[in-house]
2 protein chains.
Amino acid sequence: MNVAVIGLGLIGGSLLRALAAGGHRVTGFDADVATRSRAAGAGFTVADTIGTAVAGADLVALAVPLPVLGEVLVELTGFDGLITDVASVKGPVLELARKHSLPRYVGGHPMAGKETSGFAASEPGLFDGCAWVLCLEPQTALDDWLTLAALVTAMGARVVPATATEHDRAVAEVSHMSHLFAAVLAASITDSPLAATLAAGSFRDGTRVAATRAELILAMVEGNRVEVGNALDRVIEELAAVRDRLESGDLIDYLRRTGDARRAWPPAAGKPHEIPAGVAELLALGRDGGWVTAVAENRASVVAIRPETAA
Amino acid sequence: MNVAVIGLGLIGGSLLRALAAGGHRVTGFDADVATRSRAAGAGFTVADTIGTAVAGADLVALAVPLPVLGEVLVELTGFDGLITDVASVKGPVLELARKHSLPRYVGGHPMAGKETSGFAASEPGLFDGCAWVLCLEPQTALDDWLTLAALVTAMGARVVPATATEHDRAVAEVSHMSHLFAAVLAASITDSPLAATLAAGSFRDGTRVAATRAELILAMVEGNRVEVGNALDRVIEELAAVRDRLESGDLIDYLRRTGDARRAWPPAAGKPHEIPAGVAELLALGRDGGWVTAVAENRASVVAIRPETAA
């Protein structure tokens with residue numbers, strides 16, 4: 001396949017390396033000249049403009065930060081190939097793709113990362129074993145989705161099918177709430193040195209991600225503003241219910257249920273099995289917590305794995 | 001000193017061992033016959049009744065679970081020596097002591113623990129370096145408090161002075177909220193296998209203590225019901241404020257402040273210095289996040305350490 005990767009940071013750079021290692025013809029572009037030189041110096045084909053990079057490409061992978069994604073999409077007006085991205089929020093990018101009339105857009109979110117960033121930190125094995133959400137919407141061409149799924153599973157990633165809304169809701173609940181809870185817990189020591197002295201292991205773990213750079217947490221939660229707002233409403237309601245249960249002596253069942261959920265996480269992977277490559281089947285797989293590990297050559301089926309706990 | 005230790009589990013057993021190692025005359029008692037035999041077999045003086053154990057004691061240390069503390073206090077009616085306890089909540093025990101007219105009660109909470117429990121797990125070094133709250137109330141006899149502080153610092157613990165209310169409020173905020181937040185976060189995967197599949201490091205750490213046995217979490221938060229209720233009100237209000245800040249684009253300062261607080265924790269210990277052994281000075285030390293490491297022989301001063309960040 002002929003692929004253009006726009007944005008050569010940790011994710012884009014690793015994508016460039018992994019695709020090249022997989023035998024694809026890849027062209028990279030980055031707005032930063034030094035990054036372009038570094039990628040060219042590493043032996044990759046690098047273009048000087050987005051237009052040159054995407055000319056003749058079957059697929060454009062956008063690995064630029066969310067705030068500049070809109071500008072880059074303007075430059076893709078008229079491009080009729082497949083487009084994907086790697087932003088950590090999917091609803092707003094889907095909106096942008098609609099606004100710029102890019103019908104062959106399939107949103108993606110590789111859940112890979114490490115402490116370091118930039119092209120220098122990129123590596124071809126970054127996606128091996130990681131969960132990579134590929135969005136399936138009513139208007140998504142299934143064939144485009146399967147093309148991407150084949151490409152991504154070949155890099156060793158587990159492809160999780162989900163709508164943009166399902167993705168944004170799930171990460172708001174398990175990732176963005178974790179960060180905001182950590183901030184609220186950390187706030188409890190800002191005006192009480194006594195509390196800081198009495199804080200122990202549960203505080204240490206519960207607040208760990210509060211030490212993440214404020215700009216990064218902000219980008220996450222602002223990018224996913226709608227679902228983060230909904231998740232905040234839900235946890236506020238749930239904390240009020242916890243308070244009511246505490247007062248009515250009715251808390252033990254809740255603590256047992258949530259304890260069981262945590263002890264069963266992460267779930268063990270079940271046996272690989274074939275399922276039909278249909279939109280309904282794929283979305284059901286994602287909702288069961290499952291993922292795709294391979295796409296059949298005839299595109300009629302995929303190899304799927306469900307967690308052992310799911311039905 | 002002549003000390004009776006009632007309850008010979010992990011904390012009581014360790015206290016028996018540490019006091020004996022410190023040259024005190026110690027008598028132990030436990031309601032469980034097998035535990036009494038085990039302690040006697042380990043070479044300790046063990047009584048068959050609470051009455052025999054406390055006869056002639058200068059100090060009685062109660063290391064029984066909170067739910068049975070009331071019954072034990074009934075058996076101490078008429079005892080005119082010093083009484084302390086090790087329960088993880090201090091307001092309710094203070095109430096009990098008042099109800100049973102025990103004027104020489106000084107509440108304590110050694111913040112030590114390990115994965116295992118029971119006399120078999122006890123060890124004389126358990127309290128070395130741990131924070132041990134000793135409660136100072138308006139009606140506390142300062143001399144009794146200093147007697148206990150000398151005893152506890154000799155075991156290597158850092159004595160943190162605080163009122164029962166200050167203690168209960170602080171642990172509600174840094175420990176009990178950590179446990180309830182973990183439960184609420186864990187609840188988000190109970191009805192979404194997709195969320196469980198997308199959950200990563202922030203979820204793992206933020207929910208770790210949700211796997212604690214439900215009965216233990218319940219005992220903590222029910223024992224501290226009033227302050228846990230207040231802390232829940234506060235965090236609900238704060239999460240609502242976070243939602244407002246997110247909507248008005250005003251969240252970054254909050255994230256910077258909480259991030260700074262987390263990065264500065266735990267604070268480095270400052271230099272030891274002497275302070276007068278007065279109620280006001282000791283409570284001010286505790287509010288500054290400081291602790292006592294030794295009591296002067298003449299009882300006029302104590303050696304204090306404040307965190308480096310405190311004034």
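### Some points on the overall build of chain A
Turning to step 1, where the next piece is worked out: When helices and strands are tallied, chain A shows 13 helices and twelve strands.
Turning to step 2, where the next piece is worked out: Here the C-alpha atoms of chain A give a radius of gyration of 21 Å, agreeing with the 19 Å that 2.2 N^0.38 yields for 311 residues.
Turning to step 3, where the next piece is worked out: The principal-axis extent of the C-alpha atoms belonging to chain A is close to 65 × 45 × 35 Å.
Turning to step 4, where the next piece is worked out: In chain A, of all internal contacts separated by at least 6 residues, the share reaching a separation of at least 24 is 62%.

### Notes on the packing of helix α4 (residues 66–75) of chain A against helix α5 (residues 91–99) of chain A
Residue and element names in this part refer to chain A.
Turning to step 1, where the next piece is worked out: Where α4 meets α5, the closest approach of the two axes is 10 Å, and the angle between their N-to-C directions is 25°. By the angle between their directions, the pair α4 and α5 is classed as roughly parallel. In the packing of α4 onto α5, the handedness of the crossing is right-handed. Contacts between α4 and α5 involve Leu 69, Gly 70 and Leu 73 from the first element and Val 93, Leu 96 and Ala 97 from the second.
Turning to step 2, where the next piece is worked out: A breakdown of the residues in the contact of α4 with α5 according to their chemical character gives five nonpolar, one polar and no charged.

### Section: the interface of chain B and chain A
Many descriptions give the size of an interface as the accessible area lost when the pieces come together.
Turning to step 1, where the next piece is worked out: Counting residues at the interface gives 79 residues for chain B and 79 residues for chain A.
Turning to step 2, where the next piece is worked out: Of all the elements in the fold, those that place two or more residues in the side of chain B that touches chain A are β9 (158–162), α7 (164–187), α8 (193–198), α9 (201–207), α10 (214–223), α11 (225–247), α12 (252–263) and α13 (279–287) of chain B.
Turning to step 3, where the next piece is worked out: Counting residues per element, the side of chain B that touches chain A draws most heavily on α7(B), at 17 residues.

### Focus on unusual backbone geometry
Turning to step 1, where the next piece is worked out: Backbone torsion omega between Trp265(A) and Pro266(A) reads -5°, so that peptide bond is classified as cis.
Turning to step 2, where the next piece is worked out: The backbone of Ser101(B) shows a phi angle near 50°, a positive value even though the residue is not glycine.
Turning to step 3, where the next piece is worked out: Residue position: Ser101(B) is located in the loop between α5 (91–99) and β6 (105–106).
Turning to step 4, where the next piece is worked out: Despite not being glycine, Arg299(B) shows a phi value in the positive range, around 65°.
Turning to step 5, where the next piece is worked out: Here Arg299(B) is to be found in the loop between β11 (291–295) and β12 (301–305).

### Observations concerning the relation of the copies chain B and chain A
Turning to step 1, where the next piece is worked out: Take chain B, turn it by 180°, move it 0.0 Å along the axis, and it overlays chain A with an RMSD of 0.0 Å. Overall, the copies show the geometry of a two-fold rotation axis. Minimal C-alpha separation from the rotation axis in chain B is found for Gly206(B), amounting to 2.2 Å.
Turning to step 2, where the next piece is worked out: With an isologous cut-off of 70% or more, the 100% of interface residues of chain B that recur at the interface of chain A puts this contact in the isologous class.

### Considering the sheet that holds strand β1 (residues 2–6) of chain B
Residue and element names in this part refer to chain B.
Turning to step 1, where the next piece is worked out: Strand order in the open sheet made by the six strands is β3-β2-β1-β4-β5-β6, with parallel pairing throughout. Of all the strands in the sheet, the pair left with one neighbour each is β3 (45–46) and β6.
Turning to step 2, where the next piece is worked out: Bridge count for β1 against strand β4 (residues 59–62) is four bridges, and the pairing is parallel. If you follow Ala 4 over to β4, its bridge partner there is Val 60.

### Digging into the pairing of strand β8 (residues 131–135) of chain B
Residues and elements named next belong to chain B.
Turning to step 1, where the next piece is worked out: β8 sits mainly inside the fold: four of its five residues count as buried.
Turning to step 2, where the next piece is worked out: The pairing of strand β7 (residues 108–110) with β8 spans three bridges and is classified as antiparallel. When the bridges of β8 are listed, His 109 appears paired with Val 133.
Turning to step 3, where the next piece is worked out: When β8 meets β9, the two strands line up parallel, connected through five bridges. Bridging across to β9, Trp 132 finds its partner in Val 159.
Turning to step 4, where the next piece is worked out: Regarding topology, helix α6 (residues 142–154) serves as the crossover connection from β8 to the parallel β9, and that connection is right-handed.

### A few points about the packing of α7(B) against α10(B)
Residue and element names in this part refer to chain B.
Turning to step 1, where the next piece is worked out: It is at 10 Å that the axes of α7 and α10 come closest, and there the two elements cross at 130°. It follows that α7 is oblique to α10 by the angle criterion. Read as a crossing pair, α7 and α10 show a hand that is left-handed. Note on element contacts: α10 touches α7 through Ile 217, Met 220 and Val 221, opposite His 176, His 179 and Leu 180.

### Let's talk about the sheet that holds strand β6 (residues 105–106) of chain A
All names here are of chain A.
Turning to step 1, where the next piece is worked out: Read from one edge of the open sheet, six strands run β3-β2-β1-β4-β5-β6, paired in parallel fashion. Looking at the sheet topology across the chains shown, the edges are occupied by β3 (45–46) and β6.
Turning to step 2, where the next piece is worked out: In the sheet, strand β1 (residues 2–6) pairs with strand β2 (residues 25–29) via five bridges, with the strands oriented parallel. Among the inter-strand pairings, Ala 4 is bridged to a residue of β2, identified as Thr 27.

### Quick word on the domain arrangement of chain A
Residue and element names in this part refer to chain A.
Turning to step 1, where the next piece is worked out: Taken domain by domain, chain A holds domain 1 (2–162 + 274–305) and domain 2 (167–250).
Turning to step 2, where the next piece is worked out: Once you take the C-alpha centre of each, domain 1 and domain 2 turn out to be 31 Å apart.
Turning to step 3, where the next piece is worked out: Of the residues lining the interface, ten residues belong to domain 1; the matching set on domain 2 comes to seven residues.

### Re helix α11 (residues 225–247) of chain A
Turning to step 1, where the next piece is worked out: Helix length check: α11(A), at 23 residues, gives a terminal C-alpha distance of 33 Å against a target of 33 Å (1.5 Å per residue), a fit within 8%.
Turning to step 2, where the next piece is worked out: Taken as a whole, α11(A) has its buried residues at Glu227(A), Val228(A), Ala231(A), Leu232(A), Val235(A), Leu239(A), Val242(A), Arg243(A) and Leu246(A).
Turning to step 3, where the next piece is worked out: Lining the buried residues of α11(A) we find α7 (164–187), α10 (214–223) and α12 (252–263) of chain A together with α7, α10 and α11 of chain B.
Turning to step 4, where the next piece is worked out: After α11(A) finishes, the residue Gly249(A) shows a positive phi value of roughly 65°.

### A word on the environment of Arg234(B)
Turning to step 1, where the next piece is worked out: You can see Arg234(B) is positioned in helix α11.
Turning to step 2, where the next piece is worked out: Considered as a pair, Arg234(B) and Glu173(B) are 61 residues apart in the sequence and their alpha carbons are 9.3 Å apart.

### Topic: the environment of Val64(B)
Residues and elements named next belong to chain B.
Turning to step 1, where the next piece is worked out: In this structure, Val 64 sits in the loop between β4 and α4 (66–75).
Turning to step 2, where the next piece is worked out: Val 64 sits in the buried class, given 24 other C-beta atoms within 10 Å.
Turning to step 3, where the next piece is worked out: In the structure, Val 64 is positioned 78 residues away from Leu 142 in sequence and 25 Å away in space, judged by C-alpha atoms.
Turning to step 4, where the next piece is worked out: The contact partners of Val 64, leaving out residues within four places of it in the chain, are Ile 6, Gly 7, Leu 69 and Val 72.

### A look at the pairing of strand β5 (residues 82–85) of chain B
Residues and elements named next belong to chain B.
Turning to step 1, where the next piece is worked out: Here β5 shows no split at all, with Leu 82 and Thr 84 on one side and Ile 83 and Asp 85 on the other all buried.
Turning to step 2, where the next piece is worked out: Between the parallel pair β4 and β5, the chain is carried across by α4, and the sense of this crossover is right-handed.
Turning to step 3, where the next piece is worked out: Here two bridges tie β5 to β6, and the two strands are oriented parallel to one another. Each bridged residue has a counterpart across the sheet, and for Ile 83 the counterpart in β6 is Tyr 105.
Turning to step 4, where the next piece is worked out: Crossover handedness for the path β5 to α5 to β6: right-handed.

### A closer look at the confidence of the model for chain A
Turning to step 1, where the next piece is worked out: Mean pLDDT for chain A: 95, with 99% of residues reaching 70 or above.
Turning to step 2, where the next piece is worked out: With a pTM of 0.90, the predicted complex shows an ipTM of 0.95.

### As for the environment of Ala170(B)
Turning to step 1, where the next piece is worked out: In this fold, Ala170(B) is placed in helix α7.
Turning to step 2, where the next piece is worked out: Overall, the presence of 27 C-beta atoms within 10 Å leaves Ala170(B) in the buried class.
Turning to step 3, where the next piece is worked out: Sequence separation of Ala170(B) and Val228(B) is 58 residues, and the distance between their C-alpha atoms is 9.8 Å.
Turning to step 4, where the next piece is worked out: In contact with Ala170(B), not counting residues within four places along its chain, are Ser192(A), Leu194(A), Ala195(A) and Leu198(A).

Each value, and the rule that gives it
Residues numbered from 1 in each chain as written. Chains lettered and ligands numbered in written order. Predicted model: local features only at pLDDT ≥ 70, side-chain atom pairs only at ≥ 80, totals over all residues. Helix = DSSP H or I, 4+ residues; strand = E, 2+ residues; numbered from the N terminus. Rg over C-alpha atoms; globule rule 2.2 N^0.38 Å. Contact = placed C-beta atoms within 7 Å. Axes fitted to C-alpha atoms, helices over the stretch in contact; angles between N-to-C directions. Parallel < 35°, antiparallel > 145°, perpendicular 65-115°, else oblique. Left-handed = near helix turned anticlockwise from the far one by under 90°. Nonpolar A, V, L, I, M, F, W, Y, C, P; charged D, E, K, R; others polar. Least-squares fit on C-alpha atoms with pLDDT ≥ 70 in both. Pairing = 2+ DSSP bridges. Buried ≥ 20, exposed ≤ 12 C-beta atoms within 10 Å, placed from the backbone. Right-handed = clockwise from strand over helix to strand, strands pointing away. Domains from an automatic or database assignment. Expected span 1.5 Å × (residues − 1). pLDDT = per-residue confidence, 0-100.

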